[in-house]
Amino acid sequence: MTLPPSATDRLLSVYLVLSQYPVLSSRIRDLMRRELFKQGFLSQKEFEQEVTQKAIQSQEREGLQHPQIEEPVGVWERRKALVRDQLTDFYFSHHLSFELIEDLIEEVLHERGVSTHEALFEFNPEVAPEDLLFNQGMMIEKMPPDTRKHMEPRLREIKVVLIRNMISDQLRYINIAREWFSISDLAEIRRHKIGQGRIGGKAAGMLLAARILKDCPREDVRNNLRTPVSYFLGSDFYYTFISVNNLHHWNDQKYKLEEEMRQDFPKILADYDQCEFPPSIVQRLETLLTTVGQKPLIVRSSSLLEDNFGTAFAGKYESIFLPNQDGIDQNLTALTRAIARVYASTLNPTALLYRRSRGLQDYDERMAVLIQEVEGNQFGHYYLPDISGVAFSHNQYRWSPQIRAEDGFIRLVCGLGTRAVDRVGNDYPRLVALSHPTLRPSNTVKSIRRYSQQYVDLIDLKDNLMKTLPIENALTGDYPPLRYIAQVDQEGYFRSIRSRLVDADPSQLILTFEELLRRTPFAERMRVLLNMLENEYGSPVDVEFTADILDNKGQPEIIFSIIQCRPLSYMKEENRVSLPVNLDPEQIIFTSEIMVTGGWLDEINYVLYVPPESYFSLSTQSARNKLERAIGRINAALGGEKFICVGPGRWGTSNPDLGVHVDYADIFNTKALIELSGEGIGPAPEPSLGTHFFQDLLEGQIFPLATYIGKDEFNQAFFDETPNRISEWIKSDPDLYKWLRLIKISDFKENHHMELVMNGEEGRAVAFLSESPRGRDGRLQ
């Protein structure tokens, strides 16, 4: 779909370029009129008649009753000259190309013996319209190498201005992008852009990654990459949308208290759901849908801050799948409603509190929208990619000493990638260490079965819905890539599938991805891809992807689609920190030996503890919501203190039955999250590696740890018998004291604090009591 710049932009470009040549503009316009008459767009006689008519109309607007006799001849001729120039610019911009005006300028300059290349420097890219920038940039790119060499600084300036105006104003991004994007690349982005403003961080990262990988030295990687068909709704339309629908009264949400934000958000969703779109945008979206046909779409947030260095905004804003199987009117309604929902998500309390915690509250966070065709294939009346996931170029949390951190890791699923990036309550992705792809955190049949993917997210084309289905209902024996992603659970062992048709009961299928990792180039190519992106970004990256598994003359071939790329936040590792030796057992509060990274937290004064028995005894969702809000209030109150959180199961899970359901906004001040499992609680939580919640922890330098009670050490008396200090920090229902405990370390042992030492090389962490230092006066410091 071609989305040309507006006629106003074209006219402005003509006017601006002529303004650069005030002495020559009269001669240039003579040649412009010559071309208009020569190519038959209008005759000279018709043109001069219109000049006279419009000149008389301008006189009448000034109140002249008898314009032919009330104005001196000199003023009349000057008036006609101005009208003649305006009409020349207007007709030329509507009927002839910008390249032609460049040829005419060059002709006039040649008549005067002036170099075109010298004239180029009279043009200021910073204040120019996009048409002019693109045409000048294209002209330089088409120059012979010897001539172009002297114009490279000018070309770089034009590219930087275009990148900053169209894509991102983040300097670290611009510094990379200017080395990769050509003017042709930027023109292709522009052709898929709707409205003014930037296309936002998510779109920016995807496009830059695709451009970098287009030049991958490995032919087998380069030739098996594709970029999703994408369209971009510019960020400036966000404010137009707010103005058209009179939504300005919600603009101050980011400055309100958390409770006010949460109370208002349902009203905001209702308001945005009733909004209208301007006819000009509706027409563009309708054209988009006509071009796409009935291919499923995903409408994704792409805010100006999203996916930048240090601010991923992972999972903070909406992404909405649209099956797109109705008629054009219904599909258009669904698309506009999805865009409105993405806009409303900018006011989601979780997003606003995240911004506040990252010092971004005052930034003008406009929302662009990325609309993409969903990558995948049709299987029956279902539509899904063969595999999806999120891949990381650096792996800090290793479950075996032989795993190389620099090779990265993947969270891998079958179907849509939602189950890879979210910490869903009832399912597990396959964790793949790219240095040792088949090495699992646990290799027992029981654990493999338990921690395998149980459900598939897909689009039901028949019902026009996105669905989550059990594996046995979604995949059958004739699913083409089944032998690479599944094995048959058969009497205590897993049997690989060797044929295209499987006669096993679908309930026996276990998604292990074993043959994908053993028999295809998937892992090795992903390692190459991630390494190249990390090198060019100058930082570890994480990449969301889909992939198809094709049969190429009996050999499996992997086709990758990169749908997102962003700089990866990571913990500041201190692997050389030594674990304390000869600790008195009474000093130890807890230990951990599950995926430990390097680090050291000293002078911890408080522990926020959710007792497992009390938590799982909460029988209503309202009681759990009350607990979650209390955790958020304690987190805010303890902003000036060093504390950690300890609780049962998964922190941040979407299923409260499996752990403490909180958002990052509820715990961003803590220094560590400790997940409890074991006796009386349940199995060890599935590692949250790679989820949006995990990304938030890394950005916030919050250490995630897991303690298995019954295997690791855990001082139950410390957690149960130390006084509860909650009432000193927040006002709350007395019932809350049974569900939530705030422990001051010195209450357990006077003049002491807690230290948490984590050694990544040994894969072990220990939290222990340490005496608080005293000053010269003998007082505690």
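Residues numbered from 1 in each chain as written. Predicted model: local features only at pLDDT ≥ 70, side-chain atom pairs only at ≥ 80, totals over all residues. Heavy atoms only, no water.

### A short note on the pairing of strand S15 (residues 493–496)
Reasoning step 1: Side-chain alternation along S15 places Phe 494 and Ser 496 on a buried face and Tyr 493 and Arg 495 on a face that remains uncovered.
Reasoning step 2: Two elements, strand S14 (residues 486–490) and S15, share 4 bridges in a ladder whose sense is antiparallel. Bridge assignment links Gln 487 to a residue of S15, and that residue is Ser 496.
Reasoning step 3: Between S14 and the antiparallel strand that follows it, S15, lie 2 residues; Glu 491 among them carries a positive phi value of about 50°. (Buried < 20%, exposed > 50% of the residue type's maximum accessible area, 1.4 Å probe, protein only. Helix = DSSP H or I, 4+ residues; strand = E, 2+ residues; numbered from the N terminus. Pairing = 2+ DSSP bridges.)

### With respect to the pattern of salt bridges
Pairing between side chains of opposite charge can happen when the charged atoms of each approach one another.
Reasoning step 1: Inspection of the entire model under this criterion finds 57 salt bridges.
Reasoning step 2: Here Arg 156 and Glu 179 are joined by a salt bridge, their closest N and O atoms 2.8 Å apart. On the criterion of sequence distance, the pair formed by Arg 156 in helix H10 (residues 152–166) and Glu 179 in the loop between helix H11 (171–177) and helix H12 (183–191) is long-range, its members being 23 residues apart.
Reasoning step 3: Arg 156 sits in the partly exposed class, given a relative accessible area of 36%.
Reasoning step 4: By sharing partners, the salt bridges in this structure join Arg 29, Asp 30, Arg 33, Asp 85 and Asp 89 into a single network. (Salt bridge = Lys/Arg side-chain N within 4 Å of Asp/Glu carboxyl O.)

### Brief notes about the sheet that holds strand S26 (residues 752–759)
Reasoning step 1: One open sheet accounts for 4 strands, arranged S19-S27-S26-S20; its pairing is antiparallel. Either end of the sheet is taken by a strand with one partner, and the two such strands are strand S19 (588–592) and strand S20 (599–604). On average, each strand axis in the sheet is tilted by 15° relative to the strand beside it, whichever way the strands run.
Reasoning step 2: Note that S26 and strand S27 (residues 764–771) share 8 bridges and pair antiparallel. Bridged to Glu 755 within S27 is Phe 768. (Axes fitted to C-alpha atoms, helices over the stretch in contact; angles between N-to-C directions.)

### Considerations on the sheet that holds strand S11 (residues 430–433)
Reasoning step 1: Reading across from one edge, S2-S18-S17-S9-S10-S11 is the order of the 6 strands in this open sheet, with mixed pairing throughout. This sheet does not close on itself; its edge strands, each paired only once, are strand S2 (225–226) and S11.
Reasoning step 2: Here 4 bridges tie strand S10 (residues 409–413) to S11, and the two strands are oriented antiparallel to one another. Its bridge partner lying in S11, Ile 410 is registered against Val 432.
Reasoning step 3: Those strands touched by helix H13 (residues 201–213) are S2 and strand S18 (555–567), and its axis lies near 135° from that of S18. (Contact = heavy atoms within 4.5 Å.)

### Things to note about unusual backbone geometry
Reasoning step 1: Not every positive phi belongs to a glycine, and Asn 464 is a case in point at roughly 60°.
Reasoning step 2: By the secondary structure assignment, Asn 464 is in the loop between strand S12 (455–460) and strand S13 (465–470).
Reasoning step 3: With phi around 55°, Asn 582 is a residue other than glycine that occupies positive phi space.
Reasoning step 4: By secondary structure assignment, the location of Asn 582 is in the loop between S18 and S19.

### Concerning helix H2 (residues 25–38)
Reasoning step 1: Here H2 is 14 residues long and its end C-alpha atoms lie 20 Å apart, about the 20 Å a rise of 1.5 Å per residue gives.
Reasoning step 2: All of the buried residues along H2 are Ser 25, Ile 28, Arg 29, Leu 31, Met 32, Arg 33, Glu 35 and Leu 36.
Reasoning step 3: Taken from the residues just after H2, Gly 40 is the one with a positive phi, measuring 80°. (Expected span 1.5 Å × (residues − 1).)

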